Amino acid sequence: MTPLKTVGHGTHRIDALQRVTGAAKYTSDVHLPGMLYARVLRSPHPHARIRKIDFSKAMALPGVKAILTHENCDITWSSGDQLGQRRLFNNPVRFAGDPVAAIAAVDRHVAEDATRLIEVDYEVLPFLTDVEEAVKPGAVAIHEGGNLSLNNQRQPAPQTYKRGNVADGLKAADRVFEASFTSAHHNNAQLEMRVSIAEWSGDRLTVHAATQGIANCRTDIAKDLKMSADNVRVISEYMGGGFGNKNQCQDSDLMAALLAKQAGVPVKLEFTRKEDFVAVHGRWSSRQSYKVGVKNDGTLTAIEFTALTGAGAYRKGSCDLSGTEIYQVAHLETSVSPVYTNTAVAANYRAPAYPQGVFGIESLMDDVAYAVKMDPMEFRLKNMTRKFRDQTPYTSIGLEDCIRKGAEKFEWTKRWNPVPGSGAGPVKRGAGMAMGMFGSGLGRSSAVVRLDGQGQYHLHVGVTDIGTAAKTTMGLIAAEELGVPLEKVNVVWGDTDTCPYSVGESGSRTTVQTGMAVIEAVRDLKKQIAAKGAPKGTEVLTAMATTNPPPLQGQSRNSFAAHFAEVEVNVETGRAIVTRFVSAHDSGRIVNPLTAQSQVQGGAIQGIGMALHEELLYDKRSGLPLNAGYYGARIMTHLDAPMVDVVWIETDEPYGPFGAKTLGEPTIIPAVAAVANAIYNAIGRRVKSLPITRDKILGVLA
Amino acid sequence: MKKISRRRFVEGTSAGIVAVAAIPEIKAQDKPIPTQAGVPRTPIKITINGVDRRVEVEDRWTLVELLRDHLDLTGTKIGCDRGECGACTVLVDGTPLYSCSQLAVWMNGRSIQTVEGLAKNGKLDPLQEAFIEHDAPQCGYCTSGQLMIAKALLMKNARPTRDEVRTAMTGNLCRCSNYNHYVEAVMAAVKA
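Residues numbered from 1 in each chain as written. Chains lettered and ligands numbered in written order. Predicted model: local features only at pLDDT ≥ 70, side-chain atom pairs only at ≥ 80, totals over all residues.

1. Thoughts on the overall build of chain A
Step number 1: The secondary structure content of chain A amounts to 17 helices and 28 strands.
Step number 2: Taken against the 2.2 N^0.38 rule, which gives 27 Å for 702 residues, the C-alpha radius of gyration of chain A at 26 Å falls within 12% of a compact globule.
Step number 3: Along the three orthogonal principal directions, the C-alpha set of chain A runs to about 75 × 75 × 45 Å.
Step number 4: Per-residue burial for chain A yields a buried fraction of 61% across its 702 residues. (Helix = DSSP H or I, 4+ residues; strand = E, 2+ residues; numbered from the N terminus. Rg over C-alpha atoms; globule rule 2.2 N^0.38 Å. Buried ≥ 20, exposed ≤ 12 C-beta atoms within 10 Å, placed from the backbone.)

This is the structure we're talking about:
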């Protein structure tokens, strides 16, 4: 790979100064003159029909200006449910936290007081919190058509994939292994809570939104409010994290817009931290079952995989599971069924379908490796994917190097116990590894680049930069292609009035998709400069590009990773801590190694939290969440976080901006399974349920 | 470890305030902050980033609410509003406190330092420099709090070990989980 001048060198964020001085304006920092504050009243019941809402006392409170309930607001929140079954305010309410009313008042205290004065008469209905109970015959139906949700083709059937014939594959096996795993609903828990500020000027709506994608947010708001997108402006100058739960438009955007319309003044609606845990969304839980055939020499012959996933009360996400594709196997059948329960809604959280699926398959493959007396690393090198679905060549694949170089950095042969659980104790040490992959497709995005008469370049991109350093990445790509220093490129972002379409920071697509648009816009600008000369005085040259590449013919473009974890488990207390961690990633060329390292370390540490503590618990008898909030859900802290060493495997990738592939989401994918496998290696017993809390460790040791 | 007594520390901060106050002094609020009729209010004297201010606050306001909603000091963030995440950490007479868990009226006569007061005379604090250098903020929403807790630590302990940094900062969550870079940045500021 040829070294480049600007791309590939660790570079500070172009907005780092704003981020360390408090000058960066996040959505909740925006104050508009005359702005009201809004609060939401939510259902205290997991399932209930609203007979009557009396808000006369609330509206009589001085300072209360507007109210929304299902009675005066019949708006469908389309990005809140892929099947279009979710209103802003639903009746019946289907989980504890489903919105019942939103109220706007002169300040936050009056708004809070007013929500307490709303009287709601509920007819309490039977409820379900468990996916297995929800699919039993006779279970109370949460939606018409029952509790099995449709598949992603909107058919009343599971999401399936099949190649070969599992029965043949199992017949060809010397040994067959079966195992089941579960994973919990856990929360994105980004520091910035959901917040929207809406302001009308005639028919034109401006929403300051904490969103991962201003372009999609704008079109979704327009769609749900039945407006022309030309009349909607979305601004997101700085954004305090999302990890998938601020994609598209949020219910708060719509509620703020409708309250502002009713009140005739701007409205700010900010959810509380508790609302963020119970009423936004987290990663879908899963019940996974596998059957695997293997020959005595360790060659896989078949994988059969069935699962139920916990969608919660509405179908906001795909609720699919991934993981089996990292193995080469002739016979594979998978079947995943999303299930409704009266619990918090599940949807995208960093690599939505992956870390829990990889936990299942990689835990089982670890067991298989030990059973056929192979080093788990050698087993993976033997059986890892070589072609996508064993059929389509990858544009580039550095998975083997991720495993080998990651193992070297980790000192795998020194740290891994050939005999699991053989340590003297009470603190036992063990090492585990796992691998992962993630799609890195090309796709549509736009960029505009201008050169002014003073020789300054202005790059307009519709990114919001949710912490990924996307603005800086776009600036680096432009500077590289222009052959100028980064300082010569002024990046303009975060406002649909000044920025063209970008896919938004979801699916880890910004670097690849918007980055390609930046390169093409710059190439056009360079042509114009060559033809017309550089602009002078008040002259400006403008170029724009929208890339809409056709799908790669006969090739698959993916990022790869292998993670290695060392743990210490105290077999008397059940406490597990991660003492060493290595993340090896093939994401093609790394555009900015400094900020990319931040992402890889952060993704791994989130994965460790998912492996060891994080879970939103429900009380089965009341149907209520028990531990909403940072302490209760045991989010990772400074003291929980180990040092994460990063290994880059920069494959020579022919596509994408300077050969860059996807990075943000793969960083969490193998981490969970690596920790789980390290715990097995330490104690010699397998915990098959996430999170692997102390009680479960003590349970398998008992 | 060099220990600074609380008294010496408080005196030190006061000296700093005098120095800052020598530059054009911003007087108390020109315009009173609008408050709700019928809600108990109390006038307080408060020093914020070296500037003395007199404000009338509603008794139910938290310190972070006063700073963000009424004094336009929005560098301090609210991540949970319930004493769990540390995003709202400020220094009150040099002690790091969650400003979401302090009532504004309790601040009468106290001196508050927020992230906006870290840079002095247009020069960034060494911690801010190190945070930029080591890419400590990802989304940046917890960064002000991480800076203030690190500042408080370094004022008490100028040469902390890596583990002392992690322990001191453990009440400040970062969901981007950029903990490695935060600790590296603080250690680099220590060396600087």
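Alright, that's what it looks like, and here's the rest.
2. Observations regarding the overall build of chain B
Step number 1: Along chain B, the regular secondary structure elements total six helices and five strands.
Step number 2: Here the contacts in chain B between residues at least 6 apart in sequence split such that 62% fall between residues at least 24 apart. (Contact = placed C-beta atoms within 7 Å.)

3. Focus on the packing of helix α9 (residues 355-371) of chain A against helix α16 (residues 671-683) of chain A
Residues and elements named next belong to chain A.
Step number 1: Across the interface, α9 lies against α16 with an axial gap of 8 Å and an inter-helix angle of 35°. Relative to α16, the crossing made by α9 is right-handed. Of the residues in α16, those in contact with Pro355, Val358, Phe359, Glu362, Ser363 and Asp366 of α9 are Ala671, Val672, Ala673, Ala676, Asn677 and Tyr680.
Step number 2: The class makeup of the residues in the contact of α9 with α16 is eight nonpolar, two polar and two charged. (Axes fitted to C-alpha atoms, helices over the stretch in contact; angles between N-to-C directions. Left-handed = near helix turned anticlockwise from the far one by under 90°. Nonpolar A, V, L, I, M, F, W, Y, C, P; charged D, E, K, R; others polar.)

4. Digging into the domain arrangement of chain A
By a frequent convention, interface size equals the accessible area lost on bringing the separate parts together.
Residue and element names in this part refer to chain A.
Step number 1: Here chain A is described as being made up of domain 1 (16-24 + 442-547), domain 2 (31-125 + 191-241 + 246-280) and domain 3 (282-441 + 553-701).
Step number 2: Just the C-alpha atoms count here: the centres of domain 1 and domain 3 sit 35 Å apart.
Step number 3: Every contact between the two is made by 16 residues of domain 1 and, on the other side, 19 residues of domain 3.
Step number 4: The set of elements that each furnish at least two residues to the side of domain 1 that touches domain 3 consists of α13 (470-482) and α14 (510-532).
Step number 5: Classifying every residue of the side of domain 1 that touches domain 3 gives seven nonpolar, eight polar and one charged. (Domains from an automatic or database assignment.)

5. Overview of the domain arrangement of chain B
All names here are of chain B.
Step number 1: Here chain B is partitioned into domain 1 (6-31 + 40-117) and domain 2 (126-191).
Step number 2: Listed per partner, the contact involves 16 residues of domain 1 and 13 residues of domain 2.
Step number 3: For the side of domain 1 that touches domain 2, the secondary structure elements donating two or more residues are β3 (89-92) and β4 (95-98).
Step number 4: A per-element tally of the side of domain 1 that touches domain 2 places β3 first, with three residues.
Step number 5: Residue composition of the side of domain 1 that touches domain 2, by class: eight nonpolar, seven polar and one charged.

6. Regarding the sheet that holds strand β1 (residues 36-42) of chain A
All names here are of chain A.
Step number 1: Spatially, β3-β4-β1-β12-β9-β10-β11 is the arrangement adopted by the seven strands of the open sheet, whose pairing is mixed. Since the sheet does not close on itself, it has two edges, and those belong to β3 (64-69) and β11 (232-235), each with one partner. On average, each strand axis in the sheet is tilted by 20° relative to the strand beside it, whichever way the strands run.
Step number 2: Bridge count between β1 and strand β4 (residues 99-105): six bridges; the pairing is antiparallel. In the strand pairing of β4, alanine 38 is matched with alanine 104.
Step number 3: Sitting on the sheet, helix α6 (residues 214-224) touches β10 (204-209) and β11, and the angle it makes with β11 is about 145°. (Pairing = 2+ DSSP bridges.)

7. Some points on the sheet that holds β3 of chain B
Residue and element names in this part refer to chain B.
Step number 1: Overall, mixed pairing links the five strands, which are arranged β2-β1-β5-β3-β4 in an open sheet. Single-partner strands in this sheet number two, and they are β2 (51-58) and β4. With strand direction ignored, the average angle separating the axes of adjacent strands in the sheet is 40°.
Step number 2: Relative to β2, strand β1 (residues 41-48) is paired through eight bridges, and the arrangement is antiparallel. Its bridge partner being in β2, arginine 41 is matched across the sheet by glutamate 58.
Step number 3: Sheet strands touched by helix α4 (residues 143-156): β3 and β4. Its angle to β3, the strand with the most contacts, is close to 35°.

8. A look at helix α8 (residues 273-280) of chain A
Step number 1: If you check which residues of α8 of chain A are buried, you get Asp276, Phe277, Val278, Ala279 and Val280 of chain A.
Step number 2: Looking at the packing, one finds that the buried side of α8 of chain A touches β1, β8 (186-187) and β27 (624-625) of chain A.

9. Details of the interface of chain B and chain A
Step number 1: The interface is formed by 39 residues belonging to chain B together with 45 residues belonging to chain A.
Step number 2: Secondary-structure elements contributing two or more residues to the side of chain B that touches chain A are α3 (126-133), α4, α5 (162-168) and α6 (179-191) of chain B.
Step number 3: Taken together, the residues of the side of chain B that touches chain A sort by class into 16 nonpolar, 15 polar and eight charged.

10. Regarding the nonpolar core
Step number 1: In terms of nonpolar packing, the biggest core is built from 273 residues, with Ala38, Leu259, Val675 and Ile679 of chain A touching the most fellow members.
Step number 2: If one sorts the elements of this core by residue count, α16 of chain A sits on top with 11 residues. (Core = buried A, V, L, I, M, F, W, Y, C linked by C-beta atoms within 7 Å.)

11. Some words on the pairing of strand β20 (residues 445-453) of chain A
Residue and element names in this part refer to chain A.
Step number 1: Examined bridge by bridge, β20 and strand β23 (residues 537-547) share nine bridges and lie antiparallel to one another. Note on β23: the bridge partner recorded for glycine 453 is glycine 537.
Step number 2: Here β20 runs beside strand β21 (residues 457-460); their pairing, made up of four bridges, is antiparallel. When the bridges of β21 are listed, leucine 451 appears paired with tyrosine 457.
Step number 3: Linkage of β20 to β21, two consecutive antiparallel strands, is achieved through a turn of three residues, within which glycine 455 is found at a positive phi near 80°.

12. Details of helix α15 (residues 593-612) of chain A
Working note: α-helix, 3.6 residues per turn, so residues spaced by three or four point in the same direction.
Step number 1: Its 20 residues place the ends of α15 of chain A 28 Å apart at the C-alpha level, agreeing with the 28 Å of an ideal helix rising 1.5 Å per residue.
Step number 2: With respect to burial, α15 of chain A is a largely interior element, 18 of its 20 residues being buried. (Expected span 1.5 Å × (residues − 1).)

13. Topic: the environment of serine 286 of chain A
Residues and elements named next belong to chain A.
Step number 1: The residue serine 286 is located in strand β14 (residues 285-294) in this model.
Step number 2: Separated by 22 residues in sequence, serine 286 and leucine 308 place their C-alpha atoms 5.7 Å apart.
Step number 3: Setting aside residues no more than four positions away along its own chain, serine 286 makes contact with Thr182, Ser183, Ala307, Thr309, Leu321 and Gln356.

14. Considerations on the confidence of the model for chain B
Step number 1: Residues of chain B with pLDDT of at least 70 account for 84%, and the chain-wide mean is 87.
Step number 2: Contacts from residues 1-30 of chain B, a stretch scored under 50 in pLDDT, to residues over four places away or in other chains number 25 contacts. (pLDDT = per-residue confidence, 0-100.)

15. A closer look at the environment of glutamine 454 of chain A
Residues and elements named next belong to chain A.
Step number 1: With respect to the helices, strands and loops of the structure, glutamine 454 is situated in the loop between β20 and β21.
Step number 2: Looking at glutamine 454, the number of C-beta atoms within 10 Å reads 9, which means it is exposed.
Step number 3: In the structure, glutamine 454 is positioned 282 residues away from alanine 172 in sequence and 72 Å away in space, judged by C-alpha atoms.

16. Notes on unusual backbone geometry
Step number 1: Here asparagine 91 of chain A and proline 92 of chain A are connected by a cis peptide whose omega angle stands at 5°.
Step number 2: Tracing the backbone shows proline 92 of chain A in the loop between β3 and β4.
Step number 3: Cis geometry marks the peptide bond from leucine 690 of chain A to proline 691 of chain A; its omega dihedral reads -5°.
Step number 4: Its place among the elements puts proline 691 of chain A in the loop between α16 and α17 (694-701).
Step number 5: Despite not being glycine, aspartate 93 of chain B shows a phi value in the positive range, around 50°.
Step number 6: Topologically, aspartate 93 of chain B is positioned in the loop between β3 and β4.

17. Looking at the packing of α15 of chain A against α16 of chain A
Residue and element names in this part refer to chain A.
Step number 1: Closest axis-to-axis distance for the α15/α16 pair is 7 Å, and the angle between their directions is 50°. Between α15 and α16, the crossing angle belongs to the class labelled oblique. Like other packed secondary-structure pairs, α15 and α16 cross with a definite hand, here right-handed. Mapping the contact onto sequence places Gly603, Ala604, Gly607, Ile608, Met610, Ala611 and Leu612 in α15 and Ala671, Val672, Val675 and Ala676 in α16.
Step number 2: Looking at the contact of α15 with α16, its residues break down into nine nonpolar, two polar and no charged. (Parallel < 35°, antiparallel > 145°, perpendicular 65-115°, else oblique.)

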